[in-house]
Amino acid sequence: MEEIGFLGLGIMGKAMSMNLLRHGFKLTVWNRTLSRCDELVEHGATIGESPAAVIKKCKYTIAMLSDPAAALSVVFEEGGVLEQICAGKGYIDMSTVDAETSSKISEAITSKGGNFLEAPVSGSKKPAEDGQLVILAAGEKALYEEILPAFDVLGKKSFYLGQVGNGAKMKLVVNMIMGSMMNAFSEGLVLTEKSGLNPQTLLDVLDLGAIANPMFKMKGPSMVQSSYSPAFPLKHQQKDMRLALALGDENSVPMPVAAAANEAFKKARSMGLGDLDFSAVHETLKATKS
Amino acid sequence: MAKILMLNSSCCSSQILSPHKTTISSLSLSKAMAMCSSFCPRTPFHPRAIKHQNSLQFKAFSTHASSTSPPKDETPARIGFLGLGIMGSPMAQNLIKSGCDVTVWNRTKSKCDPLISLGAKYKSSPEEVAASCDVTFAMLADPESAVDVACGKHGAASGMSSGKGYVDVSTVDGATSKLISSQIRSTGALFLEAPVSGSKKPAEDGQLIFLTAGDKSLYETSAPFLDIMGKSRFYLGDVGNGAAMKLVVNMIMGSMMASFSEGLLLSEKVGLDPSVLVEVISQGAISAPMYSMKGPSMVQSLYPTAFPLKHQQKDLRLALGLAESVSQPTPIAAAANELYKVAKSHGLSDQDFSAVIEALKVRLQQRT
C-alpha cells in the first residue's frame with residue numbers, strides 16, 4: 001500500500017502507528033510535540049514538519065487527535081491539512097468528535113477536492129497496541145474500501161455506517177453507555193466494601209453472570225487497589241459524555257442515567273483526576289464522607 | 001417425632017443428607033457430622049460430576065428404590081420446595097429430574113401440577129412441607145411473601161425443628177433475612193439465605209449462581225442440591241451478606257440495563273440502526289451477555305419475561321435502602337430506579353425488566 005500519513009501521536013496515535021509500521025506500512029508522522037515522533041522514527045517512520053507537509057507527501061493521511069478543538073486546528077490552522085489537501089488525496093479522521101465538528105471538517109476537505117472519512121474507534125490503549133480496535137467509519141465509501149488494509153491491521157472489526165456524522169454518533173453512544181457502566185460498577189464496588197463484603201468476591205460473582213464484560217474484568221482489580229494508570233483519560237471520557245448528552249439534547253432524548261454519570265466525571269475532573277484513567281471516577285464515591 | 005439427619009458414610013465423595021427411616025438408634029446431628037468428618041473426608045465438589053452421574057450418584061435418592069430394604073445409611077433426603085414461580089418451578093424440576101425426593105407447595109395450587117406429574121409430593125401449607133422434609137427451599141417474589149411463607153400462619157417455621165434446614169433462595173433485604181433467620185433458628189433448625197444470580201433460562205439449565213450466608217453446616221449439606229440447580233456457589237458468612245451481595249449485583253445490572261436503553265433509544269433517534277449498536281457493543285470492552293441477549297428483542301419492542309420488571313425495581317429499591325443504611329451515595333442507581341418506577345406506572349411490571357426502555361419512550365411522548 002501507498003505511504004500513509006499519521007497526525008497525532010498520543011496514547012492512541014502512537015500505538016496505532018507503531019502497529020502499522022510493524023505490519024510493513026510506510027509512515028510519515030507528525031505530532032505537535034515533536035519528541036513523541038522519535039520512537040516511530042527509530043522504527044522506520046519519517047517526520048513531517050507540519051500537517052500540510054504530511055498531506056503533501058501522502059495519498060492517505062490518518063489523524064488521531066484528542067478532542068474537537070485539536071481535530072479542527074490540525075485541519076484549519078496555518079500549516080494545516082487544508083493547505084495541501086486536493087483531489088486524489090484522502091483524509092481519515094479517527095478522532096472522537098461531535099457530528100458537527102466532523103461535518104465541518106468533511107465539508108472543508110471535500111470542497112478542496114479531497115476525500116473524507118470519519119472513523120472513530122472503540123477501544124483504548126491495549127486494543128490499539130494489539131490491533132484490536134473496533135472502527136466506526138462513515139463518509140466516502142470508496143475511501144473506506146481503499147483504506148481497509150490499514151483498518152484490518154489497526155482493528156479487529158470495521159463498520160461502514162453511511163453518511164458523515166454516523167460514525168461520530170455511534171462512538172458517542174457507545175462511550176455514553178461505557179461511562180454510565182463504569183459509574184454503576186463503581187457504585188457497586190463501594191457499596192460492597194461499605195457493607196463489609198470483599199470487593200474481589202463481587203468481581204468473581206460478576207464475572208460468572210449475565211453482566212460479565214471485559215471492562216469490569218480489566219478495571220475491577222486496579223480500582224480496588226485505587227490504581228488508575230491511564231488507558232483512557234478521564235477528561236476524554238467526560239468529553240464524550242458531554243457530547244453524547246448534547247446529542248440527546250438536540251434530539252429531545254431523555255438520558256437521566258447518563259446525566260448522573262456525567263456529573264460524577266465532572267466532579268472527578270474538579271478533583272484533579274482528569275489525566276488519570278476514566279476508572280478514577282471511583283474516587284469520587286470513595287471521597288464522600290458520611 | 002425428632003427427625004434425625006445421618007450422613008451417607010458409604011458415599012464418600014459427597015455429603016448427602018439421609019434421614020434414618022427406621023429409627024432403631026438415633027444419632028444427634030453433631031454425632032452424625034462427626035461421623036461424616038471421619039468417614040467422609042471433605043473432598044471438593046465437582047458439580048459437573050454430580051450433574052451428569054444421575055443414575056449412579058442419586059440411586060440413593062430415587063423414590064423407586066429396590067424392593068429390598070435400603071442399604072444402611074443410604075436413604076434419600078427429603079427436600080421441600082416452597083414457591084413455584086418463574087424461578088422456583090424450573091429449580092424444583094431440576095431437583096426432581098436428578099432423582100431427589102421433593103415435596104412442593106405454592107400459593108396457587110395449580111402451579112404445582114406439572115411438578116406433581118414429574119413425581120413431586122404435595123402438601124397444602126409451608127408448615128406441612130417443612131415438617132415432612134429435611135431441607136426446605138423457598139423461592140418467593142419479595143420480602144413480604146418470603147416473611148409470610150416462613151413466619152406467617154401455617155408458615156414453614158411452624159414445621160421446623162432441630163435437625164432440619166431452611167434455605168431461603170428469595171431475594172430480600174438484610175433485615176428481612178435476619179427476621180426469617182431468627183424465627184427459623186428459634187425452632188432449633190438451621191438457616192441459610194441463598195439468593196441467586198441468574199434468571200429463567202439459567203434456572204432451567206441449572207446454571208444459577210448461589211450467594212449464600214448463614215449456617216455453614218447447612219451450606220455444606222445443601223451443596224449437592226445447589227450444585228444440581230446451579231453452576232457455582234459462594235458462602236459469604238453471616239446472614240445478610242448473601243442478601244447484600246445479591247442486591248449489589250442487581251443494582252449494577254439495573255443501572256446497566258437503563259443505560260443500555262438510553263443508548264438504544266438515542267441511536268435510533270439520531271438516525272442510526274440500533275441493531276448495529278448492539279453489534280458494535282458486542283465487539284468491544286463493554287460486551288456483556290445481557291446486551292447480546294436482550295438487545296435484539298428490545299430493538300423490536302419485545303420484552304418476553306425472564307426477570308419481571310417489578311422485581312428489578314424491588315431490587316433497586318432494596319439496594320438503595322442498603323446504600324442509605326451505610327450512608328453511601330449511589331446517584332446512577334437512583335436515576336435508574338426512577339426509570340423503573342416510571343415503567344411500573346405505565347403497566348409494565350410483569351414484562352421483562354428490559355421494558356424499562358419504554359419509560360424513556362413514554363416520557364418522550366409525554367413531552368410533545
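Residues numbered from 1 in each chain as written. Chains lettered and ligands numbered in written order. Predicted model: local features only at pLDDT ≥ 70, side-chain atom pairs only at ≥ 80, totals over all residues. Heavy atoms only, no water.

Draft legend 1. Structural context of the overall build of chain A. Helix and strand counts for chain A come out as 13 helices and nine strands. Relative to the 2.2 N^0.38 estimate, which gives 19 Å for 290 residues, the radius of gyration of chain A is 20 Å and therefore close to what a compact globule would have. If you line up chain A on its principal axes, its C-alpha atoms span 65 × 45 × 35 Å. Within chain A, buried positions represent 61% of all 290 residues. Here chain A has roughly 10,800 Å² of accessible surface; of this, 49% comes from carbon and sulfur atoms. For chain A, the centre of its 29 positive side-chain charges and the centre of its 32 negative side-chain charges are spaced 3 Å apart. (Helix = DSSP H or I, 4+ residues; strand = E, 2+ residues; numbered from the N terminus. Rg over C-alpha atoms; globule rule 2.2 N^0.38 Å. Buried < 20%, exposed > 50% of the residue type's maximum accessible area, 1.4 Å probe, protein only. Areas by Shrake-Rupley, 256 points an atom, 1.4 Å probe, with all protein chains shown as cover. Lys, Arg positive; Asp, Glu negative; His and termini not counted. Charge placed at Lys NZ, Arg CZ, Asp CG, Glu CD.)

Draft legend 2. Summary view of the pattern of salt bridges. All names here are of chain B. Summed over all chains, the structure comprises 22 salt bridges over all chains. Where Asp-101 meets Lys-121, a salt bridge forms, and the shortest distance between an N and an O atom there is 3.0 Å. Residue Asp-101 is found in strand β4 (residues 101-105), and its partner Lys-121 is found in strand β5 (residues 121-122); the two are separated by 20 residues along the sequence. (Salt bridge = Lys/Arg side-chain N within 4 Å of Asp/Glu carboxyl O.)

Draft legend 3. Expanded view of the interface of chain A and chain B. On the side of chain B, 60 residues touch chain A, which itself brings 59 residues to the contact. Taking both partners together, chain A and chain B bury about 5,200 Å²; carbon and sulfur atoms supply 77% of that area. Where chain A packs against chain B, one counts one salt bridge. Linking B:Glu279 and A:Lys157 is a salt bridge whose minimum nitrogen-to-oxygen distance equals 3.1 Å. Taken together, chain A and chain B are joined by 13 residue pairs in polar contact (both at pLDDT 80 or more). Every element with two or more residues in the side of chain A that touches chain B is listed here: β8 (133-139), β9 (155-160), α8 (166-194), α9 (199-208), α10 (214-224), α11 (234-250) and α12 (256-270) of chain A. (Contact = heavy atoms within 4.5 Å. Buried area = accessible area lost by both parts, 1.4 Å probe. Polar contact = N/O pair within 3.5 Å; in protein donor to acceptor, adjacent residues only side chain to side chain.)

Draft legend 4. Here's a closer look at the UniProt feature "domain: 6-phosphogluconate dehydrogenase NADP-binding" (unreviewed entry) in chain B. Taking the numbering used here, the UniProt-annotated feature "domain: 6-phosphogluconate dehydrogenase NADP-binding" (unreviewed entry) corresponds to residues 78-237 of chain B. For residues 78-237 of chain B, helix accounts for 39% and strand for 24%, while the C-alpha atoms at its two ends are 26 Å apart. (UniProt positions renumbered as here; feature names shortened; annotations may be inferred.)

Draft legend 5. Expanded view of the nonpolar core. Membership of the largest hydrophobic core comes to 102 residues, with the highest contact counts inside it found for A:Ile177, B:Ile252, B:Met256, B:Phe260 and B:Tyr291. Of all the elements, helix α11 (residues 241-269) of chain B adds the most residues to this core, at 15 residues. Once residues within four sequence positions are removed from consideration, B:Phe260 is found in contact with A:Ile177, B:Val278, B:Ile281, B:Tyr291, B:Gly295 and B:Met298. (Core = buried A, V, L, I, M, F, W, Y, C linked by side-chain atoms within 4.5 Å.)

Draft legend 6. Representation of the UniProt feature "domain: 3-hydroxyisobutyrate dehydrogenase-like NAD-binding" (unreviewed entry) in chain B within the structure. As recorded in UniProt, the feature "domain: 3-hydroxyisobutyrate dehydrogenase-like NAD-binding" (unreviewed entry) lies at residues 240-359 of chain B. Helix makes up 71% of residues 240-359 of chain B and strand makes up 0%, while its end C-alpha atoms are separated by 32 Å.

Draft legend 7. View of the UniProt feature "domain: 3-hydroxyisobutyrate dehydrogenase-like NAD-binding" (unreviewed entry) in chain A. Mapped onto this structure's residue numbering, the UniProt feature "domain: 3-hydroxyisobutyrate dehydrogenase-like NAD-binding" (unreviewed entry) falls at residues 165-282 of chain A. Across residues 165-282 of chain A, the secondary structure splits into 70% helix and 0% strand, with the terminal C-alpha atoms separated by 32 Å.

Draft legend 8. Looking closely at the packing of α11(B) against helix α14 (residues 309-325) of chain B. All names here are of chain B. The N-to-C vectors of α11 and α14 enclose an angle of 115 degrees; their axes lie 8 Å apart at closest approach. The interaxial crossing formed by α11 with α14 has left-handed handedness. Between α11 and α14, the contacting residues are Ala-244, Lys-246, Leu-247, Val-248, Asn-250, Met-251, Met-253 and Gly-254 on the first element and Gln-312, Asp-315, Leu-316, Leu-318, Ala-319 and Leu-322 on the second. (Axes fitted to C-alpha atoms, helices over the stretch in contact; angles between N-to-C directions. Left-handed = near helix turned anticlockwise from the far one by under 90°.)

Draft legend 9. Molecular detail of unusual backbone geometry. Residues and elements named next belong to chain B. For His-154, which is not glycine, the phi dihedral falls at a positive 55 degrees. Considering the arrangement of structural elements, one finds His-154 in the loop between α7 (143-151) and β7 (165-168). Looking at His-154, the relative accessible area reads 45%, which means it is partly exposed. For Ser-301, which is not a glycine, the phi torsion comes out positive at approximately 60 degrees. Within the secondary structure, Ser-301 sits in the loop between α13 (289-299) and α14. What makes Ser-301 partly exposed here is its relative accessible area of 36%.

Draft legend 10. Fine view of the environment of A:Ala119. By the secondary structure assignment, A:Ala119 is in the loop between β6 (115-118) and β7 (121-122). Considered as a pair, A:Ala119 and A:Gly167 are 48 residues apart in the sequence and their alpha carbons are 6.2 Å apart.

Draft legend 11. Structural detail: the domain arrangement of chain A. All names here are of chain A. By domain assignment, chain A separates into domain 1 (4-164) and domain 2 (169-286). Once you take the C-alpha centre of each, domain 1 and domain 2 turn out to be 28 Å apart. Contacts between domain 1 and domain 2 engage 15 residues on the former and 13 residues on the latter. Summing both partners gives a buried area of about 1,100 Å² for domain 1 against domain 2, and 71% of it is carried by carbon and sulfur. Our count for the domain 1 to domain 2 interface comes out at zero salt bridges. Our enumeration of links across domain 1 and domain 2 arrives at four residue pairs in polar contact (both at pLDDT 80 or more). Considering only residue class, the side of domain 1 that touches domain 2 consists of eight nonpolar, four polar and three charged. (Domains from an automatic or database assignment. Nonpolar A, V, L, I, M, F, W, Y, C, P; charged D, E, K, R; others polar.)

Draft legend 12. Quick peek at helix α4 (residues 88-97) of chain B. Residues and elements named next belong to chain B. Of all ten residues that make up α4, eight are buried, and the element is covered over most of its length. All buried positions along α4 are accounted for by Gly-88, Ser-89, Pro-90, Met-91, Ala-92, Asn-94, Leu-95 and Ile-96. Buried-residue contacts for α4 involve β3 (78-82), β4, α5 (113-117), α9 (200-204), β10 (208-214) and α10 (216-229). Phi turns positive one or two residues past the end of α4, at Gly-99, with a value near 95 degrees.

Draft legend 13. Spotlight on helix α1 (residues 11-22) of chain A. All names here are of chain A. In a regular helix each residue adds 1.5 Å, so twelve residues correspond to 16 Å; α1 covers 17 Å between its end C-alpha atoms and thus fits that length. The element α1 is largely enclosed, with a buried count of ten among its twelve residues. All buried positions along α1 are accounted for by Met-12, Gly-13, Lys-14, Ala-15, Met-16, Ser-17, Met-18, Asn-19, Leu-20 and Leu-21. Remark: Gly-24 follows α1 within two positions and exhibits a positive phi of approximately 90 degrees. (Expected span 1.5 Å × (residues − 1).)

Draft legend 14. How the structure looks around the side chain of A:Asn166. With respect to the helices and strands, A:Asn166 occurs in helix α8. For A:Asn166, the residues in contact, after removing those within four places along its chain, are A:Glu118, A:Ala138, A:Leu161 and B:Leu272.

Draft legend 15. Layout of the environment of A:Ile92. All names here are of chain A. By the secondary structure assignment, Ile-92 is in strand β5 (residues 90-93). Expressed as a C-alpha distance, the spacing of Ile-92 and Asn-115, which sit 23 residues apart in the sequence, is 8.5 Å. Residues in contact with Ile-92, not counting those within four places in the same chain, are Tyr-60, Thr-61, Ile-62, Ala-63, Leu-117, Ala-119, Leu-143, Ile-147 and Phe-151.

Draft legend 16. Looking closely at the domain arrangement of chain B. Residue and element names in this part refer to chain B. Domain boundaries in chain B define domain 1 (15-238) and domain 2 (245-367). Tallying the contact residues gives 14 residues for domain 1 and twelve residues for domain 2. Across the contact surface, domain 1 and domain 2 share zero salt bridges. On inspection of domain 1 and its partner domain 2, the count reaches four residue pairs in polar contact (both at pLDDT 80 or more). For the side of domain 1 that touches domain 2, the per-class residue count stands at eight nonpolar, three polar and three charged.

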